[in-house]
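A look at the structure
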Amino acid sequence: MNIEARLALFPSSTRIIADRLFIGGCDIEQLAEEYGTPLYVYDRAELDRAASLYRRALTETWPGAWSVTYAGKAFLNPVIARWAAAQGFRVDCTGAGEIGIAVYAGLSPAQILVHGVNKTKEDLQSALRHAGIIVVDNLSELRKIACLVKESKTLPDLWLRFQPGLAVQTHHAATQTGHEGSKFGMNETQIIEAASFCREHGLRLCGIHFHQGSQFRDPAPLQPAIEKALDLAQEIGWKGEWHFSPGGGWGVAYHEDDLPQPDIWEYVRAVTDWTRQACRQRRMELPHLHLEPGRSLVARAGVAIYQVGTIKHIGGRTWLLVDGGMADNPRKALYGARYSCLPVTRLTGEATQTVSIAGPYCESGDILIEEITLPALQEGERIAIPVSGAYQLSMASHYNGARRPAVLMLENGRAHPMLSRETIDDFIRQMHA
Ligand code: LLP
């Protein structure tokens, strides 16, 4: 077991002190005792570090105006929404539910952007009331917006979502979105039709957006997509300020075999270089450039803590059965995602066993880690799975009556609750007897 390599997946503040894991100055074993497990912790310093990498890279490589929108689908609650706003970022909300969280957190319309492939009337009404930007996915949605703005007092900025017909290489086909055959966005003809519709109906069209997929580490396919999007922008013929968003999707390393971490600077520089070149070739003014990262902002800041309940040997395998799994982290079951982990105590013990780590749920796919070498753990000891900050809790379920874990923000040796552990009462409250 290469502890150093595994530690490189954890937040930068992670330390081993007296053979115990500390994150953000907090003793993880103590927090697990106090708050129970499964427990999710976020390291504030790591969140800030990722945010400042984006800010620095954009400042250094893009001569014009830029902004960052945090893709709230990765993990959203009021504390995280306010954290994003404090970084000067917008929050991308998918539908009325996420808009509701951002509004509850106190965000203003200028801080909210709305996405969604099938926005309901409720989603659109909420977006018109609370968001500064709506990214329009399709022509049907645009017609609905045209009707609704007549009743609403606000006229949001509209961007059009383009389907470039080009995929990025992701960990799983389910997280590719820009290819032909995807359900997202509009093709060239539809974008041009949407632009004319906006002109005819006095809608404020001011941007073009695409998002090719999530968890990629080779930016190359962005270049032809940027070119195609700028051709369309040229055809639409914006005068003065216009907005361009090549989405998000930059990846992170989940396992020590995926190291080094994909470099945020390399990604931003590729986007800004290619956008600048494409504008120069077309003699276009530089757009206001937007990036929309989710995972690369929050994944590494989050760590999931579980307790080993049962150790079981069967069929030549040793199973560490822990108290969480696919109900709080369905990513292995959905995408075959490969995670790593460290024990929370007795960290530096010799790694003598290869184990599989699985959860308590009634499905064979409820596995967190297929095979990993660890020091011999005992029942009652705890493990920490790094890179757990994105698309885990936001995709959590109540399978087998699972209650959602508590979530803490760790900062300078203090733990601030972000979410209480869900209780049985919480989820049966909506049920009718
Ligand atoms: N913008 C749009 C329009 C998106 O659909 C997404 C992610 C993002 C930005 C942010 O992508 P990110 O920077 O976080 O990769 N559940 C999957 C990921 C689904 C991504 C959905 N859209 C997973 O766990 O890998």
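Structure: above.
Residues numbered from 1 in each chain as written. Predicted model: local features only at pLDDT ≥ 70, side-chain atom pairs only at ≥ 80, totals over all residues. Heavy atoms only, no water.

Description of the overall build of the protein chain
In terms of regular secondary structure, the protein chain is built from 13 helices and 20 strands. In terms of overall dimensions, the protein chain has a C-alpha envelope of 70 × 55 × 40 Å along the principal axes. Taking all 433 residues of the protein chain together, 57% fall into the buried category. Pairs at least 24 residues apart make up 71% of the contacts formed inside the protein chain by residues separated by at least 6 positions. Charged side chains of the protein chain number 43 positive and 48 negative; the gap between the two group centres comes to 5 Å. (Helix = DSSP H or I, 4+ residues; strand = E, 2+ residues; numbered from the N terminus. Buried < 20%, exposed > 50% of the residue type's maximum accessible area, 1.4 Å probe, protein only. Contact = heavy atoms within 4.5 Å. Lys, Arg positive; Asp, Glu negative; His and termini not counted. Charge placed at Lys NZ, Arg CZ, Asp CG, Glu CD.)

Some thoughts on the pattern of salt bridges
On inspection of all chains with the given rule, the structure shows 18 salt bridges. With its nearest N and O atoms 3.0 Å apart, the salt bridge here joins Glu 46 to Arg 49. Note that Glu 46 and Arg 49 are positioned in helix α3 (residues 44-61) at a spacing of 3 residues, about one turn of the helix. Using a relative accessible area of 35% as the deciding quantity, one classes Arg 49 as partly exposed. Among the ionic pairs, Arg 282 bridges to Asp 231, the shortest N-O distance being 2.7 Å. Of this pair, Arg 282 sits in the loop between α10 (264-281) and β12 (288-291) while Asp 231 sits in helix α9 (residues 222-236); the two residues are 51 residues apart in sequence, bridging distant segments of the chain. Look at Arg 282 and you get buried, because its relative accessible area is 13%. Several salt bridges converge on common partners, so that one network encompasses Glu 29, Glu 33 and Arg 382. (Salt bridge = Lys/Arg side-chain N within 4 Å of Asp/Glu carboxyl O.)

Some words on the pairing of strand β2 (residues 20-23)
Alignment of strand β1 (residues 15-17) against β2, held across 3 bridges, turns out to be antiparallel. The residue bridging Arg 15 from the neighbouring strand is Phe 22, located in β2. Hairpin remark: β1 followed by β2, antiparallel, with 2 residues in the connecting loop; positive phi at Ala 18, about 50°. Between β2 and strand β3 (residues 26-27), which pair antiparallel one after the other, the connecting turn spans 2 residues, and Gly 24 there sits at a positive phi close to 55°. (Pairing = 2+ DSSP bridges.)

Let's talk about the sheet that holds strand β5 (residues 66-71)
In spatial order, the strands read β5-β6-β7-β8-β9-β10-β11-β12; together these 8 strands close into a barrel with parallel pairing. Averaged over all pairs of adjacent strands, the angle between strand axes in this sheet comes to 25°, irrespective of strand direction. As paired strands, strand β7 (residues 112-115) and strand β8 (residues 133-136) are joined by 2 bridges and run parallel to one another. Within the sheet, the bridge partner assigned to Leu 113 lies in β8 and is Ile 133. This element, α9, spans β10 (205-209) and β11 (243-245) of the sheet and lies at about 165° to β10. (Axes fitted to C-alpha atoms, helices over the stretch in contact; angles between N-to-C directions.)

A look at the site of the ligand
The local shell around the ligand holds 20 residues, among which Ser 214, Glu 292, Arg 295, Arg 331 and Tyr 391 are the closest. At 2.7 Å, a backbone N or O of Arg 295 approaches an oxygen atom of the ligand. Tyr 391 is positioned with one of its side-chain polar atoms (N or O) 2.6 Å from an oxygen atom of the ligand. (Near = heavy atom within 4 Å. Polar contact = N/O pair within 3.5 Å; in protein donor to acceptor, adjacent residues only side chain to side chain.)

Here's the deal with the environment of Phe 22
Following the sequence through the fold, Phe 22 ends up in strand β2. With a relative accessible area of 16%, Phe 22 lands in the buried category. Residues Phe 22 and Ala 32, 10 residues apart in the sequence, show an inter-C-alpha distance of 12 Å. The residues touching Phe 22, leaving out its near neighbours within four places in the chain, are Ser 13, Thr 14, Arg 15, Ile 17 and Asp 27.

With respect to the packing of aromatic side chains
Using the criterion set out here, one finds 11 aromatic pairs in the structure. Centre to centre, the rings of Tyr 42 and Phe 75 are 4.7 Å apart; their planes meet at 10°, and the pair counts as stacked. A residue pair is termed long-range when its members are at least 10 positions apart, and Tyr 42 in strand β4 (residues 39-43) and Phe 75 in the loop between β5 and α4 (78-86) qualify at 33 residues. We classify Phe 75 as buried; its relative accessible area is 5%. Taking 6.2 Å as the distance between ring centres and 85° as the angle between the ring planes, the aromatic pair formed by Tyr 70 and Trp 83 counts as edge-to-face. Here the residue Tyr 70 occupies a position in strand β5, and Trp 83 occupies one in helix α4, the gap between them amounting to 13 residues. Both residues of the pair, Tyr 70 and Trp 83, count as buried. (Phe/Tyr/Trp six-rings, centres within 6.5 Å; stacked < 30°, edge-to-face > 60°.)

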